[in-house]
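Given next are the chains, with one letter for each unit.
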Amino acid sequence: MKYRLPSDKIMKDKTIGPLQDAQTAIKIVRKRAGEWNINPLKIGMMGLSAGGIWFLQLGTQLNRVVIENNENISLRPDFMILLYPVIIYDPYIFRTRENLIGKTPSRQALNLYSTNRHVSAKTPPTYLVHAADDDVIPVKNSMSFYEAMLKAGVPGELHILQSGGHGFGISDSENKSNWFPSCLNWMQKNGLL
């Protein structure tokens, strides 16, 4: 899925634009699952860095529907895979936070975009991976989300790599070999494949 980055130039409300894209993606895939031979009960999302916040909102704020959904299709992902996700409240991620909710966000906005504060028993199973030496999105972002998952009884795993910095992913062979096999194993253990 391609999603729009928050921008006043292309969106009526940049605080929900990417979330609209995430909800639309789930809706389309679930609606066309039969046509595409996909199990509609095993639809997950994977997000990296700032992209992670949209999927975290999708998985934690289940009653916050920002698209038209007259067919009442479930917009909840069945699982999430997140690499070095943004937890927007973190003061160390000032630039990302500023791009989304402004230089001086209200307390209400900070709470809304602090996804670790919205984890519940309905949050989908989640696999998190982060590098300890990430100097863009501190590892405590994933740690705080995982801690909230534990408190809510949400199944998942957190993997902290010793090194890798920020921005590793699918094509980075060194770091891919460090996390990808464990992610596949986690998916198999949870019946997601």
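These figures come from a predicted structure and were not determined experimentally.

J.: So what about the sheet that holds strand β4 (residues 156–161)? Which residues, and what values?
T.: Taken together, four strands build an open sheet; the order of strands is β1-β2-β3-β4 and the sheet is parallel. Only two strands of the sheet have a single partner each, and these edge strands are β1 (44–48) and β4. Shown here is a sheet whose adjacent strand axes are inclined to one another by a mean of 10°, direction ignored. Bridging between strand β3 (residues 126–131) and β4 involves six bridges; their strand directions are parallel.

J.: Go over the pattern of salt bridges with me, naming the residues and quoting the values.
T.: Scanning the model with the defined rule gives five salt bridges in all. Glu-71 is the salt-bridge partner of Lys-31, the closest N and O atoms lying 3.0 Å from each other. One end of the pair, Lys-31, is in helix α1 (residues 17–31); the other, Glu-71, is in the loop between α2 (50–60) and β2 (79–83), and 40 residues separate them in sequence. Note that Glu-157 and Lys-189 form a salt bridge whose closest N and O atoms lie 2.9 Å from each other. Within this pair, whereas Glu-157 is found in strand β4, its partner Lys-189 is found in helix α6 (residues 173–189), the two being separated by 32 residues in sequence.

J.: Please give an account of the nonpolar core that cites residues and values.
T.: Judged by nonpolar contacts, the single largest core of 25 residues is most densely connected at Met-45, Phe-55, Leu-58 and Phe-145. For this core, the secondary-structure elements that each account for two or more residues are α1, α2, β2 and α5 (140–152). At five residues, α2 tops the list of elements feeding residues into this core. With residues up to four places along the chain from it excluded, the contact list for Phe-145 reads Leu-56, Thr-60, Met-80, Ile-87, Thr-115, Asn-116, Val-119, Thr-123, Thr-126 and Leu-128. Among the nonpolar cores identified, the runner-up in size contains 14 residues, and Phe-79, Leu-83, Tyr-127 and Val-129 belong to it.

J.: Describe unusual backbone geometry, and please don't skip the residues or the numbers.
T.: One non-glycine residue, Asn-37, adopts positive backbone phi at about 55°. Examined against the element boundaries, Asn-37 turns out to sit in the loop between α1 and β1. Classification of Asn-37 as exposed rests on a relative accessible area of 74%. Residue Asn-72 is not a glycine yet carries a positive backbone phi of 55°.

J.: Outline the packing of aromatic side chains, supporting the account with residue identities and numerical values.
T.: The description of an aromatic ring pair uses the distance of the two centres, along with the angle that the planes make with each other. For the structure shown, the criterion picks out three aromatic pairs. Pairing Tyr-84 with Phe-168 gives two aromatic rings, centres 5.0 Å apart and planes at 70°, and the pair type is edge-to-face. Taken together, the positions of Tyr-84 in the loop between β2 and α3 (94–101) and Phe-168 in the loop between β4 and α6 put the pair 84 residues apart, joining distant regions of the chain. Summarising the burial analysis for this pair, Tyr-84 and Phe-168 share the class buried. Pairing Trp-179 with Phe-180 gives two aromatic rings, centres 5.4 Å apart and planes at 85°, and the pair type is edge-to-face. For Phe-180, a relative accessible area of 26% corresponds to the partly exposed category.

J.: So, a nonpolar patch on the surface: which residues are in play, and what are the values?
T.: Judged by side-chain polarity, Ile-28, Trp-36 and Ile-38 come together as a nonpolar surface patch covering roughly 250 Å² of accessible area. Along the chain, the position of Ile-38 falls in the loop between α1 and β1. Since its relative accessible area comes to 32%, Ile-38 is described here as partly exposed.

J.: Please give an account of the side chain of Gln-61 that cites residues and values.
T.: Tracing the backbone shows Gln-61 in the loop between α2 and β2. Owing to a relative accessible area of 9%, Gln-61 belongs among the buried residues under this scheme. Setting aside residues no more than four positions away along its own chain, Gln-61 makes contact with Leu-112 and His-118.

Basis of the calculations
- Residues numbered from 1 in each chain as written.
- Predicted model: local features only at pLDDT ≥ 70, side-chain atom pairs only at ≥ 80, totals over all residues.
- Heavy atoms only, no water.
- Pairing = 2+ DSSP bridges.
- Helix = DSSP H or I, 4+ residues; strand = E, 2+ residues; numbered from the N terminus.
- Axes fitted to C-alpha atoms, helices over the stretch in contact; angles between N-to-C directions.
- Salt bridge = Lys/Arg side-chain N within 4 Å of Asp/Glu carboxyl O.
- Core = buried A, V, L, I, M, F, W, Y, C linked by side-chain atoms within 4.5 Å.
- Buried < 20%, exposed > 50% of the residue type's maximum accessible area, 1.4 Å probe, protein only.
- Contact = heavy atoms within 4.5 Å.
- Phe/Tyr/Trp six-rings, centres within 6.5 Å; stacked < 30°, edge-to-face > 60°.
- Patch = residues over 30% accessible without salt bridge, like charges linked within 9 Å, V, L, I, M, F, W, Y side chains within 5 Å.
- Areas by Shrake-Rupley, 256 points an atom, 1.4 Å probe, with all protein chains shown as cover.

By themselves these figures say nothing about function.
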